[in-house]
Amino acid sequence: MDRKATAVWKGNIQNGKGELTTESGALRNTPYTFNTRFGSELGTNPEELIGAAHAGCFTMALSGALMKKGFTADRLETSAVVSVQKEGEGFTITSSKLKLIAEVPDIDSKTFQTIAEEAKTGCPVSKLLKANITLDVEFRSSQRSASATT
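Residues numbered from 1 in each chain as written. Predicted model: local features only at pLDDT ≥ 70, side-chain atom pairs only at ≥ 80, totals over all residues. Heavy atoms only, no water.

Overview of the overall build of the chain
At step 1: Broken down by element type, the chain carries four helices and five strands.
At step 2: Taken over C-alpha atoms, the radius of gyration comes to 20 Å for the chain, far larger than the 15 Å a tight globule of 150 residues would show.
At step 3: Along the first, second and third principal axes, the C-alpha atoms of the chain reach 80 × 30 × 25 Å.
At step 4: In the chain, which comprises 150 residues, the share counted as buried stands at 22%.
At step 5: In the chain, of all internal contacts separated by at least 6 residues, the share reaching a separation of at least 24 is 42%.
At step 6: Accessible area of the chain: about 11800 Å², with a carbon and sulfur share of 51%.
At step 7: Of the side-chain charges in the chain, 18 are positive and 17 negative, and the distance between the mean point of each set is 3 Å. (Helix = DSSP H or I, 4+ residues; strand = E, 2+ residues; numbered from the N terminus. Rg over C-alpha atoms; globule rule 2.2 N^0.38 Å. Buried < 20%, exposed > 50% of the residue type's maximum accessible area, 1.4 Å probe, protein only. Contact = heavy atoms within 4.5 Å. Areas by Shrake-Rupley, 256 points an atom, 1.4 Å probe, with all protein chains shown as cover. Lys, Arg positive; Asp, Glu negative; His and termini not counted. Charge placed at Lys NZ, Arg CZ, Asp CG, Glu CD.)

The following block contains the structure:
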């Protein structure tokens, strides 16, 4: 199973603009800019999308792990705070902090904690954050046309 997303960026990093599109259509030409990522402008950014993916993945993994042990949650609500910090000339994602509010009947706290920790470790997005990343590049040189004004 493969899932696809596309980013298009035009211009320089501070004044340019980008759009994000997902294969499912959940995002379609969704704008993002330097100020939506590093400032307070409304819009999305890669880190909040990673946070949404991590929270969603973990919550589903936990639901599945609970089911395997014979439990069904009434409600699982997970938030993820993805931290980005300046490191040298660039930035680094330093952490993804999951916070879970769980309502699960007929389970003791210790058993629940054990299952939740296993789900955190086994969640595919948790694994991705430690993954080997590959890059395949197709480079196309573009020519800029100079326009003369008279």
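What to know about the pairing of strand β2 (residues 17–22)
At step 1: Of the strand pairs in this sheet, strand β1 (residues 5–10) and β2 are connected by six bridges, and their pairing is antiparallel. Among the inter-strand pairings, A5 is bridged to a residue of β2, identified as T22.
At step 2: Here β1 hands over to β2 after six residues, with G11 in that stretch at a positive phi of 105°.
At step 3: Bridge count for β2 against strand β3 (residues 30–33) is four bridges, and the pairing is antiparallel. Its bridge partner being in β3, K17 is matched across the sheet by T33. (Pairing = 2+ DSSP bridges.)

Some words on the packing of helix α2 (residues 46–68) against helix α3 (residues 109–122)
At step 1: Between α2 and α3, the shortest axis-to-axis distance is 8 Å and the interhelical angle comes to 130°. Taken together, α2 and α3 sit at an angle that is classed as oblique. Seen from above, α2 lies across α3 with right-handed handedness. On α3, the residues touching F58, A61, L62, A65 and L66 of α2 are F112, I115, A116, A119 and K120.
At step 2: Split into classes, the residues belonging to the contact of α2 with α3 amount to nine nonpolar, no polar and one charged. (Axes fitted to C-alpha atoms, helices over the stretch in contact; angles between N-to-C directions. Parallel < 35°, antiparallel > 145°, perpendicular 65-115°, else oblique. Left-handed = near helix turned anticlockwise from the far one by under 90°. Nonpolar A, V, L, I, M, F, W, Y, C, P; charged D, E, K, R; others polar.)

Some thoughts on α2
At step 1: Taking 1.5 Å per residue, 23 residues should reach 33 Å; α2 reaches 33 Å between its end C-alpha atoms and fits that length.
At step 2: Looking at α2, one finds that the buried residues are E47, G51, H54, A55, C57, F58, T59, L62, A65 and L66.
At step 3: One side-chain oxygen of the residue at the start of α2 lies 3.1 Å from the amide nitrogen of E47, identifying that residue as N45.
At step 4: Positive phi appears at G70, one or two residues downstream of α2, with a value of about 90°. (Expected span 1.5 Å × (residues − 1). Polar contact = N/O pair within 3.5 Å; in protein donor to acceptor, adjacent residues only side chain to side chain.)

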